[in-house]
Amino acid sequence: AADLATAATAAAAVGASHAAFWTKYAFMLPVSTCVATVAMLTGIGGAALFSPIFLLAFPLLGSEYPLGSAAEAFNVALVTECFGFSSGLLGYTRRGLVDWRVSLRFAAVGVPAGVCGGALIAAADATTLRTLYGALMVALGTYLVTQEREDDGLCGSEEEARAAELADDDVECLLLTSRDGREYRYAAPSMDALAIAATAFGGGLTGLLSVGIGESVIPQLTRRAGLPLPVAAGTSVSVVICVAVAAALAQSAVVYDILGLTNDAAAVAASASSVTGDVAGSEVTAAMIPLNLVCYTVPGVILGGQIGPRLQGLVPQGVTEKVLGTVFVAIGTAFLLAAWSAQR
């Protein structure tokens, strides 16, 4: 009888331990839904919001919540973003708010840069990259909040579009008709040296830090080109998902040695530790993926990916852009604080 009681107690303890493991991150389901909704409304990468949560907020909750490493946090954020933005892209496509003529131009620059960034993740200095990214976010956020649109209404009507294109060969006016019959007219974004450099930099950062492409593209669409925010957000989502998937594949191939390019497991671990700060020789395997976290973040972002597109147009565009700028400044500040803490 005593043995049975002991066995029952042990079984109960194991059951409680498993329950605690799988429910530890349950709060991330509503958080992920909110993050994905905001990301869909603004067109920024969801990883830009998840990374500060994983790296800064989790340690504040207790010693059992932080992820194993910075690389793990970036990888989970990027994988989660891929699911959320796939859902969001479906929603925006159904509403007819994705201009593939524009997105393909940015994806052509961002995808190769994202792959290069992912391939270089093992050799990157994480603290320097966090500092650079934080400074970029603060600069972009300030730009969105303080600067006025550069669009002067050249493509505001069919007559104005025709006149603008006749007056300037560099002006290309585009027309997009959404599923509800609403027409959007705007000038095609200029893929000049500044746009190419900003997009390539954002794509490279996405490969290295899982964030950057949406944050570099959306200001170009809304401020430089003056696209209406619903079209800019939908188009940015299409660019982000293309770059995020390519970067995630490249990043995972290096961090987890999927292609078997590194036969020495210790060498793979040492490469990962150059980014994560982990002790060289630690095991780098698929077991690093925190399934008890992903099982909540993925359904959450899929749900948010459907909610965000449905809310487009309910909030005034100017207000949304100001809020977006404020979010960028907050994200940048969070990364700068993380970099500063790492150097102490």
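Quick caveat: nothing in here was measured; it's all calculated off a predicted structure.

*Asks:* Give me the pairing of strand S1 (residues 173–177): which residues, what numbers.
*Replies:* Two strands pair when backbone bridges link them, and S1 and strand S2 (residues 183–187) are joined in this way by 5 bridges, in the antiparallel orientation. What sits directly across from Thr177, in S2, is Glu183. The turn joining S1 and S2, which pair antiparallel and follow one another in sequence, is formed by 5 residues; a positive phi near 90° is taken by Gly181.

*Asks:* I'd like to hear about empty space enclosed by the protein, residue by residue, with values.
*Replies:* Enumeration over the complete set of coordinates arrives at 2 cavities of 30 Å³ or more. Of the volumes computed, that of the second largest cavity is approximately 40 Å³. Looking at the second largest cavity, the residues that line it are Val35, Ala36, Ala39, Met40, Gly46, Phe50, Glu81, Gly84, Phe85 and Val301. For the lining of the second largest cavity, the elements supplying multiple residues, two or more each, are helix H2 (28–42) and helix H4 (70–94). Ranked by the residues each element gives to the lining of the second largest cavity, the list is headed by H2, at 4 residues.

*Asks:* Explain the packing of H2 against helix H12 (residues 291–311) to me, using residue names and the numbers behind them.
*Replies:* Packing of H2 against H12 leaves a shortest axis separation of 6 Å and a crossing angle of 35°. Judged by the twist between their axes, the crossing of H2 over H12 is right-handed. Partitioned by chemical class, the residues of the contact of H2 with H12 number 13 nonpolar, 8 polar and no charged.

*Asks:* An account of the environment of Phe85 is needed here, citing residue identities and associated values.
*Replies:* Structurally, Phe85 is set in helix H4. A relative accessible area of 2% places Phe85 in the buried class. For the pair Phe85 and Ile241, spaced 156 residues apart in the sequence, the C-alpha separation amounts to 5.8 Å.

*Asks:* Describe the side chain of Asp99, and please don't skip the residues or the numbers.
*Replies:* Relative to the assigned elements, Asp99 resides in the loop between H4 and helix H5 (100–119). Accessibility expressed as a relative area gives 1% for Asp99, which makes it buried. At a separation of 2.4 Å, a polar atom in the side chain of Asp99 contacts the side chain of Tyr186. Residues in contact with Asp99, not counting those within four places in the same chain, are Leu174, Leu176, Tyr186, Val231 and Thr235.

*Asks:* Outline the packing of H5 against helix H8 (residues 193–209), listing residues and values.
*Replies:* At a closest axis distance of 6 Å, the pairing of H5 and H8 adopts a crossing angle of 35°. Considering the relative orientation of H5 and H8, their crossing is right-handed. For the pair formed by H5 and H8, the contact residues are Phe106, Val109, Gly110, Ala113, Gly114, Gly117 and Gly118 on the first element and Ile196, Thr199, Ala200, Gly203, Gly204, Gly207 and Leu208 on the second. Class assignment of the residues belonging to the contact of H5 with H8 gives a composition of 6 nonpolar, 8 polar and no charged.

*Asks:* Before we move on, can you summarise H12 with the specific residues and values?
*Replies:* If you check H12, its first and last C-alpha atoms are 30 Å apart, about what 21 residues at 1.5 Å a residue would give, namely 30 Å. Listed as buried for H12 are Asn292, Leu293, Val294, Tyr296, Thr297, Val298, Gly300, Val301, Gly304, Gly305, Gly308 and Pro309. Positive phi appears at Gly313, one or two residues downstream of H12, with a value of about 95°.

Conventions used here
- Residues numbered from 1 in each chain as written.
- Predicted model: local features only at pLDDT ≥ 70, side-chain atom pairs only at ≥ 80, totals over all residues.
- Heavy atoms only, no water.
- Pairing = 2+ DSSP bridges.
- Helix = DSSP H or I, 4+ residues; strand = E, 2+ residues; numbered from the N terminus.
- 1 Å grid on protein atoms, 1.4 Å probe; cavity = no way out; pocket = protein on both sides within 12 Å on 5 of 7 lines; lining within 4 Å.
- Points joined across faces, edges and corners; volume = space filled by probe spheres on them.
- Axes fitted to C-alpha atoms, helices over the stretch in contact; angles between N-to-C directions.
- Left-handed = near helix turned anticlockwise from the far one by under 90°.
- Nonpolar A, V, L, I, M, F, W, Y, C, P; charged D, E, K, R; others polar.
- Buried < 20%, exposed > 50% of the residue type's maximum accessible area, 1.4 Å probe, protein only.
- Polar contact = N/O pair within 3.5 Å; in protein donor to acceptor, adjacent residues only side chain to side chain.
- Contact = heavy atoms within 4.5 Å.
- Expected span 1.5 Å × (residues − 1).

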